[in-house]
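Here are the chains, one letter per residue:
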Amino acid sequence: MHRAESIMVAVLAKIANLTTTGTNVERSRVYPNNALPALTLEQGEDAVELQSMAFVDRQLDVRVIAHVKKNTDFDTQLNQIREEVYIALKADYTQGLDFILDTVAVGDGEPEFSGEADKVIGRQVMNFLIKYRHSLTNPGA
Amino acid sequence: MAVENANDLAGFFDPSEHGEVATIGASTINGIFSDEYSEILDVSGSVPVFTCITSELDEISPVVTAGTAIVIKSVNYTIEVLQPDGTGVTRLTLQDKS
């Protein structure tokens, strides 16, 4: 298994069952969210940072997206979710995988809100960079 | 000259035809209610809208403004935006308070 896949599985496990979003967590969801508040996990660019004769160091872009829908305090709930996700992903920079070198919080996007539905809908993207190493000849080892 | 006269409008919003009765405070008003499915910011929902005759809305006391509670089909909403179209009809954008 490509180590990027192992990382996504590990990150998904870390953000599942957080206090605010609970089990409303999905990876690469392509349909609109019904159960809210929720988190979606998306994989971004997986750039090569360094290459030697033996290994390759990469930086995997991981996006965690918070979704909320409520009448009041929707911005407060987004900040609460951001706090819980940050704590979950920074508690152990390896995410339980010995080939991860670091987990870097790159920054969070500007919150987006819409009042065009039956309740206010909000969304905010949290960006993390997972630095990891794999063999020169096999990204799964 | 307006396309519709008062009788035309009243018929259009008649609850025995296409209309619904909404309750605002102690008053009632006829209008057309829609609650179409929507997808906004990757979240599914609906867009509740009540369209009614502007002059009937203006007669309600206290004055109907953004934030006024309105009940339609036993569901509690709040009026978020009043959009008079200039031809005697006002579109109320609603928020579900449940």
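Look up: the structure comes first, before these words.
Residues numbered from 1 in each chain as written. Chains lettered and ligands numbered in written order. Predicted model: local features only at pLDDT ≥ 70, side-chain atom pairs only at ≥ 80, totals over all residues. Heavy atoms only, no water.

Examining the packing of aromatic side chains
Link 1 in the chain: A complete count under the given rule lists 4 aromatic pairs over all chains for this structure.
Link 2 in the chain: For the pair B:Phe33 and B:Tyr77, a centre-to-centre distance of 5.7 Å together with 55 degrees between the ring planes defines the contact as tilted. With B:Phe33 in strand 2 (residues 27–40) and B:Tyr77 in strand 5 (residues 75–84), this pair connects stretches of sequence that are 44 residues apart. Both residues of the pair, B:Phe33 and B:Tyr77, belong to the buried class.
Link 3 in the chain: The cationic tip of A:Arg133 hangs over the ring face of A:Phe55; the distance from NZ or CZ to the ring centre is 3.6 Å. (Phe/Tyr/Trp six-rings, centres within 6.5 Å; stacked < 30°, edge-to-face > 60°. Helix = DSSP H or I, 4+ residues; strand = E, 2+ residues; numbered from the N terminus. Buried < 20%, exposed > 50% of the residue type's maximum accessible area, 1.4 Å probe, protein only. Lys NZ or Arg CZ within 6 Å of the ring centre and 35° of its normal.)

Let's talk about the nonpolar core
Link 1 in the chain: If you look at the biggest cluster of nonpolar residues, it comprises 27 residues, and the most contacted ones within it are A:Ile7, A:Ile15, A:Leu39, A:Leu60, A:Val64, A:Val85 and A:Met126.
Link 2 in the chain: When residues of this core are traced back to their parent elements, those giving at least two are helix 1 (3–15), strand 2 (38–51), strand 3 (55–70), helix 2 (74–90) and strand 6 (120–135) of chain A.
Link 3 in the chain: Counting residues per element, this core draws most heavily on helix 1 of chain A, at 6 residues.
Link 4 in the chain: Not counting chain neighbours up to four residues away, the residues in contact with A:Met126 comprise A:Leu39, A:Val62, A:Arg63, A:Val64, A:Ile65, A:Ala66, A:Ile81, A:Arg82, A:Val85, A:Gly107 and A:Asp108.
Link 5 in the chain: Counting 15 residues, the second largest nonpolar core, distinct from the first, contains B:Cys52, B:Ile70, B:Ile79 and B:Leu94. (Core = buried A, V, L, I, M, F, W, Y, C linked by side-chain atoms within 4.5 Å. Contact = heavy atoms within 4.5 Å.)

Considerations on the pattern of salt bridges
Oppositely charged side chains can form a pair if their charged atoms are brought close together.
All names here are of chain A.
Link 1 in the chain: Tallied over the full model, the rule gives 12 salt bridges over all chains.
Link 2 in the chain: The partner of arginine 27 in a salt bridge is glutamate 5, with the nearest N and O atoms 2.7 Å apart. Of this pair, arginine 27 sits in strand 1 (residues 25–27) while glutamate 5 sits in helix 1, and the two are 22 residues apart along the sequence.
Link 3 in the chain: For arginine 27, a relative accessible area of 27% translates into the label partly exposed. (Salt bridge = Lys/Arg side-chain N within 4 Å of Asp/Glu carboxyl O.)

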